[in-house]
Amino acid sequence: MSAAETRRMPAGAAGPLPRLGGRLLLSEIGMVMRRRRNQLILVTFAAIPIIIGTAVKLAAPSGSDAGALIGNITHNGIFVSFTALVVVIPIFLPMAVAVVVGETVAGEANLGTLRYLLVVPVGRTRLLVTKFLAVGFWCLATALTVAIAGLAIGFALFPRGKVTLLSGTETSMVGGLGRLSVVVGYAALMMLAIAAMGLFISTLTEVPIAAMAATLAVAITMQVLVAIPQLHAVHPWLISRYLLDFGDVLRDPLSFAGLTHGCLAALAYVGVFFSLAWARFTTKDVSS
Amino acid sequence: MSRSCPVLLRIGSGPLRLRTGRGNDPVGMSVAPPFSSSSEPSPLRASVSASTRRRALRWLAPVGAVGVVALVASGVLSADAKPNLPRQTAAQLLASVGDSKVAGFSGTVVSKSSLGLPELPQLGGSNSSAGVLGMLTGSHTARVWYGGETKQRVALLDSLGEQDVFRNGRDVWQWNSDNRTATHSLLPADAGQSTPTMVPTLTPDQAAQQALRLIDPSTTVNTDRTGTVAGRSTYTLVLTPKDARSRVGSVRISVDGKTRVPLSVQVFSRNSDRAAIDVSFTRVDFAVPDDDFFTFRPPTGVVPEETPLGGTANGMRSGSLAAPSSGGNVTTIGKGWTTIAKVTGVPSIAALGKQDGQATALLGSLPRVSGTWGTGRLFTSTLLTALITDDGRAYVGPVDPDLLYKAAVGK
């Protein structure tokens, strides 16, 4: 299935441009979600919380320092989701994002479909925004998959009911689910920041695999830099530093301090790298 | 067809084209209207240069984005106006700090220590504060609530964990999220304002009180320029020890201009201009917190442990500003800025090896020293020195090693 094929729409019959933009977005999202490897990624992601839940069910972590989240699983199934998110956020989610975002521009260029795509009466800016929004949808979809699969397995194997927060106080199940959705949103925003870097890289090359690898390499390099305490001067500038900063959501009283900081950092990444991608994509010569 | 569309024009090397275009047709750029290239082919080159230039301008967008981020991050936009506080002498300031009384406050405290201990990479992603080593290095965040002398709460935050101490009246609860344990103790009925410090952290308030206690003839007190801490205008007190044997170069205390509560304490060593210890509020609110903040109910499924108070985690307090006063097997030698803490019953390296491999490796790497007092290992840093003798004593203080040896001779 070629990329151009899926949006073969007659320009005249397309109606007003906003509607065309909406259709373009839907077609982009459809392309991402229909791709076989992306579906496989989602299946794999759904398997991660299932593995965690089953493992904890078979051998509950005992001992003093099992960690707050995984230690809570046996008391409430919702913590399977939280634990699984902590597991996937540093490496797995960036990988999934890199695979999709690397494809966006470089993939079309590689297939030779980019120039046909530009014939559609949609400006390059709008095209880029649409592609980025589709990637944003993908970020949210991956994080949601992990969370929902975690809830399913967690509630199947472990008790439900009141959720013990990190501060030792309890909140209702609804409160717990609300906090889980905040974490999912936060994870998606963090991934959007990485996606913005990937989008820029994707506009630089016509080889999608290079864009994927480069995006992932950048994400992992940042992780390594964050792990080295001697480099703490640069840590505030690295998005990896903020990936797991949603701990404050699980405290009582709820605090958004850490979260706000992380969100601002993510928005800064999106702002800088999307504008870089825009400057590159709208000025670049498209010959393929 | 690709040649007919302006966006598809090959622009290869932008700046170069721009220059040649301008050279051939100096008026081209001003004449060429926007988007004219496809409709008017004749001044094509001029318009190419113009649109090339216009496109090159697009790179200003990311530059602008970087600029905005840098501005926001550096705090230029949110910088508070210069503090405008009436002048105060050091003595006035000291007095007002001494009898500053607030009904309550809540806030976030960040403590940073760089005592010269090696910082170890943490690949797990979690920033565990557990253990003495963890407390002595790096940066730690705590949220504090204070609602009067008998109502306090301190929450020491890990990235995905928390240790809490709740005090409400006579009840003291400790909570550790990592192993889901709740410990309850009952204070004696006459317990006054002694704050439970099982959680190894000091609020700037407590740290400042410790430092002010050391003020006697051995200290010079000055004021420095006013500053801003946690968004509030502050006075700055500078305490400088006169005793040159102390490794403490100076202690800077930022005092809130309105309430006179210390909001930050920085300890500088004699030979470094980077604070060795920095305990500061990053956010503070002087509204009295609700009673809810101080009550703790153990979550379902957690059986609270009843313990008498005292003796818990004494060793963890060694990260505090001055020597721990007393308690357990800790005694102090000397006074003022050269106070040395003596700890007896320290496990030997071999015994420690069974518990904490990291600490053993660290201790084993310390240089061996010996003298009339025996043999042991010496740890030196810009601020603290410690002598651990082979027969199970330890001497710790912000002093030169000679003083530690002298103390060790005295046993």
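### Let's talk about the sheet that holds strand β18 (residues 393-397) of chain B
All names here are of chain B.
Here comes step 1: Pairing within the open sheet is antiparallel, and its 6 strands lie in the order β13-β14-β18-β17-β16-β15. Lying at the two open borders of the sheet, with one neighbouring strand each, are β13 (330-333) and β15 (368-371). Mean inter-strand twist for the sheet, computed between neighbouring axes without regard to direction, equals 25°.
Here comes step 2: In the sheet, strand β14 (residues 340-344) pairs with β18 via 4 bridges, with the strands oriented antiparallel. In the strand pairing of β18, Thr344 is matched with Arg393.

### As for the pairing of strand β7 (residues 219-229) of chain B
In the case of a regular strand, side chains alternate between the two sheet surfaces.
Residues and elements named next belong to chain B.
Here comes step 1: Pairing of β7 with strand β8 (residues 232-241) involves 9 bridges; the strand directions are antiparallel. For Val229, the partnering residue across the bridge sits in β8 and is Arg232.
Here comes step 2: Hairpin geometry of β7 and β8 is characterised by an intervening segment of 2 residues between the two adjacent antiparallel strands and by a positive phi of about 50° at Ala230.

### Focus: the interface of chain B and chain A
Here comes step 1: The interface is formed by 42 residues belonging to chain B together with 47 residues belonging to chain A.
Here comes step 2: Interface of chain B and chain A: buried area, both sides summed, is about 3600 Å²; carbon and sulfur atoms make up 60% of it.
Here comes step 3: Run the count over chain B and chain A and you get 1 salt bridge.
Here comes step 4: Across the chain B-chain A interface, the total number found is 11 residue pairs in polar contact (both at pLDDT 80 or more).
Here comes step 5: Of all elements in the fold, only α3 (44-58), α4 (60-74), β2 (137-146), β3 (151-158) and β4 (161-168) of chain B reach the threshold of two or more residues within the side of chain B that touches chain A.
Here comes step 6: Among the elements that line the side of chain B that touches chain A, the one with the most residues is α4 of chain B, at 6 residues.
Here comes step 7: Partitioning the side of chain B that touches chain A into residue classes produces 23 nonpolar, 6 polar and 13 charged.

### Digging into the confidence of the model for chain B
Should the pLDDT be low somewhere, the predicted coordinates at that spot are not to be read in detail.
All names here are of chain B.
Here comes step 1: Considering every residue of chain B, the mean pLDDT works out to 73; 67% of them sit at 70 or more.
Here comes step 2: Here helix α1 (residues 14-24) is the element of chain B with the lowest mean pLDDT, 34, and strand β11 (residues 277-285) is the one with the highest, 91.
Here comes step 3: Of the regions scoring below 50 in pLDDT, residues 1-41 engages in 46 contacts with residues more than four places distant in sequence or in other chains.
Here comes step 4: Across residues 123-131, where pLDDT falls below 50, the model places 16 contacts with residues more than four positions away in sequence or in other chains.
Here comes step 5: Among the scores for the predicted complex, ipTM is 0.79 and pTM is 0.78.

### What to know about the environment of Val144 of chain B
All names here are of chain B.
Here comes step 1: For Val144, the position within the fold is in strand β2.
Here comes step 2: Among the residues examined, Val144 registers a relative accessible area of 4% and is labelled buried.
Here comes step 3: Sequence spacing of Val144 and Pro217 is 73 residues, and the spatial spacing of their C-alpha atoms is 33 Å.

### Considerations on a nonpolar patch on the surface
Residues and elements named next belong to chain A.
Here comes step 1: A surface patch of nonpolar side chains, amounting to about 440 Å² of accessible area, comprises Val87, Ile91, Phe92, Met95, Ile220 and Val224.
Here comes step 2: Every element with two or more residues in the nonpolar patch is listed here: α5 (92-111) and α9 (208-226).
Here comes step 3: Looking at where Met95 falls in the secondary structure, it is placed in helix α5.
Here comes step 4: Given the relative accessible area of 35%, Met95 is considered partly exposed.

Thresholds, definitions, all that
Residues numbered from 1 in each chain as written. Chains lettered and ligands numbered in written order. Predicted model: local features only at pLDDT ≥ 70, side-chain atom pairs only at ≥ 80, totals over all residues. Heavy atoms only, no water. Pairing = 2+ DSSP bridges. Helix = DSSP H or I, 4+ residues; strand = E, 2+ residues; numbered from the N terminus. Axes fitted to C-alpha atoms, helices over the stretch in contact; angles between N-to-C directions. Contact = heavy atoms within 4.5 Å. Buried area = accessible area lost by both parts, 1.4 Å probe. Salt bridge = Lys/Arg side-chain N within 4 Å of Asp/Glu carboxyl O. Polar contact = N/O pair within 3.5 Å; in protein donor to acceptor, adjacent residues only side chain to side chain. Nonpolar A, V, L, I, M, F, W, Y, C, P; charged D, E, K, R; others polar. pLDDT = per-residue confidence, 0-100. Buried < 20%, exposed > 50% of the residue type's maximum accessible area, 1.4 Å probe, protein only. Patch = residues over 30% accessible without salt bridge, like charges linked within 9 Å, V, L, I, M, F, W, Y side chains within 5 Å. Areas by Shrake-Rupley, 256 points an atom, 1.4 Å probe, with all protein chains shown as cover.

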